[in-house]
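# A look at the structure
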Amino acid sequence: MSINLLGFDLEGLAAYCQGLGEKRFRAVQLYRWIHQRGEADFARMSDLAKSLRVRLDGVALVQGLPPLSEHRSADGTVKWLFDVGAGDAVETVFIPEADRGTLCISSQAGCAVGCRFCSTGHQGFSRNLGTAEIVAQLWAAEHRLRAALSLPEGRRAIDNVVMMGMGEPLQNYAALLPALRTMLDDHGYGLSRRRVTVSTSGVVPMIDRLRQDCPVALAVSLHAPDDALRDALVPLNRKYPLDELLAACERYLSAAPRDFITFEYCMLDGVNDAPEQARALLRLVRDRLPCKFNLIPFNPFPASGLRRSPPERVQAFARVLQDGGLVTTVRKTRGDDIDAACGQLAGEVQDRTQVAARRARAAGLAGRVIPIAGPGPAVAGRP
Ligand code: SAH
Ligand code: SF4
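A quick note: this is a predicted structure, and the numbers were derived from the prediction, not measured.

### Topic: the overall build of the protein
Looking only at helices and strands, one finds twelve helices and 15 strands in the protein. With 383 residues in all, the protein has 54% of them scored as buried. Of the roughly 15,900 Å² that the protein leaves accessible, carbon and sulfur atoms contribute 52%.

### Brief notes about the site of ligand 1
In the vicinity of ligand 1 there are 20 residues, among which Phe117, Gly167, Ser199, Ser221 and His223 approach most closely. With respect to ligand 1, the side chain of Glu264 contributes an N or O atom lying 3.0 Å from an oxygen atom. When isolated, ligand 1 has an accessible area of 530 Å², and the protein chains bury 95% of it. When residues of the shell around ligand 1 are traced back to their parent elements, those giving at least two are β10 (196-200), β12 (261-267) and β13 (291-297). Considering only residue class, the shell around ligand 1 consists of nine nonpolar, nine polar and two charged.

### Digging into the nonpolar core
Counting 111 residues, the largest nonpolar core has Leu5, Met183 and Phe263 as the members making the most contacts within it. If one sorts the elements of this core by residue count, helix α5 (residues 131-148) sits on top with nine residues. The residue makeup of this core includes at least three contributed by each of domain 1 (3-61) and domain 2 (67-381). Each residue touching Leu5, except ones within four places of it in the same chain, is listed here: Leu13, Tyr16, Leu30, Ile34, Phe42, Leu56, Ala60, Leu61 and Val62.

### Some thoughts on the packing of aromatic side chains
All chains considered together, the criterion is met by four aromatic pairs. Judged by centre distance (5.4 Å) and plane angle (40 degrees), the rings of Phe263 and Phe293 are tilted. Pair noted here: Phe263 is in strand β12 and Phe293 is in strand β13, with a separation of 30 residues, a long-range link. On the basis of relative accessible area, Phe263 is assigned to the buried category, the value being 0%. Sitting over the face of the ring of Trp33, Arg37 holds its NZ or CZ atom 4.2 Å from the ring centroid. Between the NZ or CZ atom of Arg258 and the centre of the ring of Tyr252, over which it lies, the distance is 4.2 Å.

What counts as what
- Each residue is numbered by its place in its chain's sequence as written, counting from 1.
- Each chain is given a letter, starting from A, and each ligand a number, starting from 1, according to the order in which they appear as written.
- Where totals are concerned, whole chains, interfaces and linings use all residues; where local detail is concerned, this predicted model gives features only for residues with pLDDT of at least 70, and gives and counts side-chain atom pairs only at 80 or more.
- Only hydrogens and water are set aside when side-chain values are computed; all heavy atoms of the structure are taken into account.
- Secondary structure follows DSSP: runs of H or I at least 4 residues long count as helices, runs of E at least 2 residues long count as strands, and numbering of each begins at the N terminus.
- Only protein chains enter the accessibility calculation, which uses a 1.4 Å probe. A residue is then buried if its area is under 20% of the maximum for its type, exposed if over 50%, and partly exposed in between.
- Per-residue and other accessible areas were derived by the Shrake-Rupley procedure at a 1.4 Å probe size, with only the shown protein chains allowed to occlude residues.
- Nearness of a residue to a molecule or strand requires only that one of the residue's heavy atoms be within 4 Å of it.
- For the purposes of these results, a polar contact is taken to be a pair of N or O atoms within 3.5 Å, where, inside protein, one atom must be able to donate a hydrogen and its partner to accept one; residues adjacent in sequence count only when each atom of the pair is a side-chain atom.
- Gly counts as polar in this scheme, as do all residues outside two lists: the nonpolar Ala, Val, Leu, Ile, Met, Phe, Trp, Tyr, Cys and Pro, and the charged Asp, Glu, Lys and Arg.
- Here, nonpolar core refers to any group of buried Ala, Val, Leu, Ile, Met, Phe, Trp, Tyr and Cys residues whose side-chain atoms link them within 4.5 Å.
- Residue ranges for the domains trace back to a domain assignment, done automatically or taken from a database.
- By definition in these notes, contact holds between two residues if any of their heavy atoms fall within 4.5 Å.
- In summary, the pairing rule links any two rings of Phe, Tyr or Trp, Trp by its six-membered ring, whose centres are within 6.5 Å, and it sorts them by plane angle into stacked for under 30 degrees, edge-to-face for over 60 and tilted for everything else.
- Placement of a positive charge over a ring is assigned whenever Lys NZ or Arg CZ falls within 6 Å of the ring centre and within 35 degrees of the normal to the ring plane.

The structure is reproduced here in structure tokens:
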């Protein structure tokens, strides 16, 4: 079976090429063709030594994920559904903003953590994605968007990556790490370490591993100011309670270069959104570590039995945190019309029989669904 080169970070590719009898600089050339130019065909990598092209043929390939659909929202948000085989699909979302383009990437098909308010969690866990499947989301999105937006040579479409799609990235660490390295590598996507964010529900030992291995930004999904409530919302809290989690965050920041932790907090009506709970949060974190809060209005889904906090309650909660000296933002909901918002990255792992039906539908769909036809990009310009 051929090996998919999207699964290697630069060191991995260099070792692989060395195994074929090729020097490191050839691996750098190959890596740049793949990630910076989006080229998958070895024959078209014009300055790559013929000897290497010949050696790669038949043993290696550059293989993206088959897209099942591509939806474009009125606000410019684009959501792709990628087929990862055996009836599983994962979602990737592009969010254009005035000053940057953000890609939200999935790390697993489903998720084993099972948070109460998360539709991915409600589906259960199917499997970990491989490094190639994680990187393929960025590879496809970057190069499709570059063409679709007619960006000039050297301009990139995506300059911010958040591991906030389906899955718990720190429960798929072995595949995640080389993917992060490719995102940061100057020969790969060259993203700033501040603009690659791993979001976690709190897998403490893996926060420590990440601290040693890779200088990316960390977002921690907090959702509650005390263990009793967090146990109920994020079951992983029973294994790694708040005090241990915050200690891991402190250790994370102690390893330079790191600036602050972003705490995500999903606002659930009558559950975790009272001003007293905001005050408890302040007491919990303020004197302990540099941090920011990102309040996410809950995106409801039928099986959750939960409601979104009213905007005035979210604002009042934000004010308590801000008055206490913490930078606090309220996340805008984007792509609502295509269900691309947080926690609606439902993917499809629960209905394994549906992929064929979806393919058929995608072939003849009207409305906002843009069928994937051939290699050309199907998205239109930025708003
Ligand atoms: N597993 C990781 C990353 C994926 S979830 C984590 O939990 O951090 C990305 C973010 O979306 C998390 O902060 C998560 O709590 C939030 N989220 C999940 N479901 C949501 C929903 N229905 N509404 C709003 N935010 C949600
Ligand atoms: Fe998994 Fe994150 Fe959803 Fe929790 S919020 S179930 S950890 S994807």
